[in-house]
Amino acid sequence: MYKTINPAEVAPPELHRLMLGAIAPRPIAFASTVDAEGVPNLAPFSFFNAFGVNPATIVFSPSRRGRDNTTKDTFNNLKEVPEVVINAVTYSMVEQVSLASTEFPKGVNEFEKAGFTPLTSEKVKPFRVAESPVQWECRVRNIIETGKGGGAANLVICDVLLVHVNEGFLLPNGLINTRAIDLVGRMGGDFYVRAHGEALFEVEKPLTKPAIGIDSLPFTLRNSPLLTGNELGRLGSVENVPTEEEISTAANLKEVKSIIENEILTFDARTEKLHQLVRRKLNEGKKREALVIGFLLK
């Protein structure tokens, strides 16, 4: 059962809370700007993401305040000086980042209030945050104001001019070490999520490889009450269905024969035990073997 909501029929604060709770986790743009007099400002925004690499494009939104329909210092600064540094946010700095989100009076330096170290940028006027492992120097290409009411988005479209990466978080192949960088993201309310430890998992991208799809699995397998959608998705990502030779070989495996040749078990009981074996093989990383076993009961 679903509750259906028409955005035009609910108050913006209610819709805002729904979006923050359901569209998550969201990366955090820790945005550094300056006004026309060169006074720095530092504030986090979670309506943010990367949108292209040719040219390198980052978009974030310092939205209008919902309670009084005022604009934020970041937005006002970008109107005066259309340059920004987007700093990545890690677990080790998240409490300071939250402190920087305090609505200090205009002219207050959040670098000082939140205890961050400013670094001079090379191509833009705003400072970089030394504590951040990745800093993106950007020039604003365009600002799209989606509305004039409280909560309306201001889409700041940025061209990336330079990227600064702490080499301690780079792998030998030049990629970011995901397990070491310890990034955080925003959830709803006061909640954050930490991309670290057991929270990280890998799902192999199909990309250009073929895949048989869940619809090619045997009926008993794709309708298994035991296997989850994720497990079926993993089986469906295999490039081709098992051959008759593979299936015959699997049927002679000791652990398989003990199930199939057990005359005490009903068909449903054998199916359940085979599906348990499929799950175990998947957990062991033996995806092809798991698929072949799953084809024994068509």
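Anything mentioned here points back to the structure above.
Structural notes, computed from the coordinates. As the structure is a prediction and not an experimental result, all values here were calculated from the model. Counting from 1, residues in each chain are numbered in the order their sequence is written. Residue-level local features of this predicted model are given only where pLDDT is at least 70; pairs of side-chain atoms are given and counted only at 80 or more, and the full residue set underlies all totals for whole chains, interfaces and linings. Computation of side-chain values: all heavy atoms of the structure, hydrogens and water removed.

A count of helices and strands for the protein chain gives 11 helices and 11 strands. For the protein chain, the spread of C-alpha atoms along the three principal axes comes to 85 × 50 × 35 Å. Going through the 298 residues of the protein chain one by one, you find that 37% of them count as buried. Here, two residues are considered to be in contact whenever any of their heavy atoms come within 4.5 Å of each other. By sequence separation, contacts in the protein chain at least 24 residues apart represent 61% of the contacts at least 6 residues apart. Surface exposure here means Shrake-Rupley accessible area, sampled with a 1.4 Å probe, where a residue is shielded only by the protein chains that are shown. Taken as a whole, the protein chain presents about 17,400 Å² of accessible surface, with 55% of it coming from carbon and sulfur. In DSSP terms, a helix is any run of H or I states spanning at least four residues, a strand is any run of E spanning at least two, and both are numbered starting from the N terminus. Relative accessibility under 20% of the residue-type maximum defines a buried residue, over 50% an exposed one, and the middle range a partly exposed one, all with a 1.4 Å probe and only protein chains included.

A pair of packed helices is captured by two measures, namely the crossing angle of their axes and the spacing between those axes. Direction vectors running N to C along helix 10 (residues 267–283) and helix 11 (residues 287–294) enclose 170°, while the axes themselves pass 8 Å from each other. Compared by their axis directions, helix 10 and helix 11 come out roughly antiparallel. Between helix 10 and helix 11, the residues in contact are L274, L277, V278, K281 and L282 and K287, E289, A290, I293 and G294, respectively. Among the residues making up the contact of helix 10 with helix 11, the classes are represented as six nonpolar, one polar and three charged. Helix axes use the C-alpha atoms of the stretch in contact, all axes being lines fitted to C-alpha atoms, and the angles between their N-to-C directions lie in the range 0 to 180 degrees. Convention used here: angles under 35 degrees read as roughly parallel, angles over 145 as roughly antiparallel, angles from 65 to 115 as roughly perpendicular, and any remaining angle as oblique. Lys, Arg, Asp and Glu make up the charged group, whereas Ala, Val, Leu, Ile, Met, Phe, Trp, Tyr, Cys and Pro make up the nonpolar group; the residues left over, Gly among them, are polar.

With that out of the way, let us pick up the packing of helix 7 (residues 229–236) against helix 10. Relative orientation of the contacting elements helix 7 and helix 10 amounts to 70°, with a least axis distance of 11 Å. Considered as vectors, helix 7 and helix 10 are oriented roughly perpendicular to each other. Contacts from E231, R234 and L235 of helix 7 reach helix 10 at V278, R279, L282 and N283.

Once that is clear, we can look at the pattern of salt bridges. The rule for a salt bridge is simple: a side-chain nitrogen of Lys or Arg has to be within 4 Å of a carboxyl oxygen of Asp or Glu. Applying the stated rule across the entire model yields 18 salt bridges. Between K281 and E255 there is a salt bridge, with the nearest N and O atoms lying 2.8 Å from each other. Linking K281 in helix 10 with E255 in helix 9 (residues 254–260), this pair joins segments that are 26 residues apart in sequence. Accessibility expressed as a relative area gives 27% for E255, which makes it partly exposed. Each of E255, R280, K281, E284, K286 and E289 takes part in one network of salt bridges that share partners.

Right, let's get into helix 10. Between its first and last C-alpha, helix 10 extends 24 Å over 17 residues, near the 24 Å set by a 1.5 Å rise per residue. Taken together, the buried positions of helix 10 are occupied by T271, L274, H275, L277, V278, K281 and L282. The buried residues of helix 10 occupy an angular sector of 155° when projected down its axis, which confines them to one face. Looking at the buried positions of helix 10, the neighbouring elements they touch are helix 6 (219–222), helix 7, helix 9 and helix 11. At the C-terminal side of helix 10, G285 shows a positive phi close to 85°. In this scheme, a helix's expected span is set at 1.5 Å multiplied by one less than its residue total. The arc in question is the one traced by the directions running from the helix axis out to the C-beta atoms.

Time to look at a nonpolar patch on the surface. Among the surface-exposed residues, W136, V163, V165, L170 and I176 lie close enough to one another that they form a single nonpolar patch of about 340 Å² accessible area. For V165, the position within the fold is in strand 9 (residues 154–165). A residue is classified by how much of its surface remains accessible, and V165, at 30% relative accessible area, is partly exposed. The patches described consist of residues with a relative accessible area above 30% and no salt bridge, like charges being joined within 9 Å and nonpolar side chains (Val, Leu, Ile, Met, Phe, Trp, Tyr) within 5 Å.

Of all the five residues making up strand 5 (residues 83–87), five are buried; the element is thus mostly covered by neighbouring parts of the structure. Neither face of strand 5 is open: one carries E83, V85 and N87, the other V84 and I86, and all of them are buried. Two strands pair under a simple rule: DSSP has to find at least two bridges between them. Note that strand 1 (residues 29–34) and strand 5 share three bridges and pair antiparallel. Across the sheet, S32 pairs through a bridge with V85, a residue of strand 5. Bridge count between strand 5 and strand 8 (residues 134–145): five bridges; the pairing is antiparallel.

Further remarks concern the layout of surface pockets. Definitions used throughout: a 1 Å grid over protein atoms alone; a cavity as a set of points that fits a 1.4 Å probe which cannot get out; a pocket as an open set with protein on both sides within 12 Å along at least five of seven lines; a lining residue as one with an atom within 4 Å of a point. Grid points are joined across faces, edges and corners, and a volume is the space filled by probe spheres set on the points. In this structure, the largest pocket occupies an estimated 1,500 Å³ of space. In this structure, the largest pocket is lined by 48 residues; those nearest its centre are H16, L20, F45, S63 and K72. Breaking the lining of the largest pocket down by element, the ones donating at least two residues are helix 1 (12–22), strand 2 (40–45), strand 3 (48–53), strand 4 (56–60), helix 2 (73–80) and helix 3 (94–100). Here the element with the most residues in the lining of the largest pocket is helix 1; it accounts for six residues. Residue classes in the lining of the largest pocket are distributed as 24 nonpolar, 14 polar and 10 charged. One number sums up the size of the second largest pocket: a volume of about 790 Å³. Residue lining of the second largest pocket: 34 residues in total, with P27, F48, A88, W136 and L183 positioned closest to the centre.

Taken by themselves, the reported measurements are silent on function.
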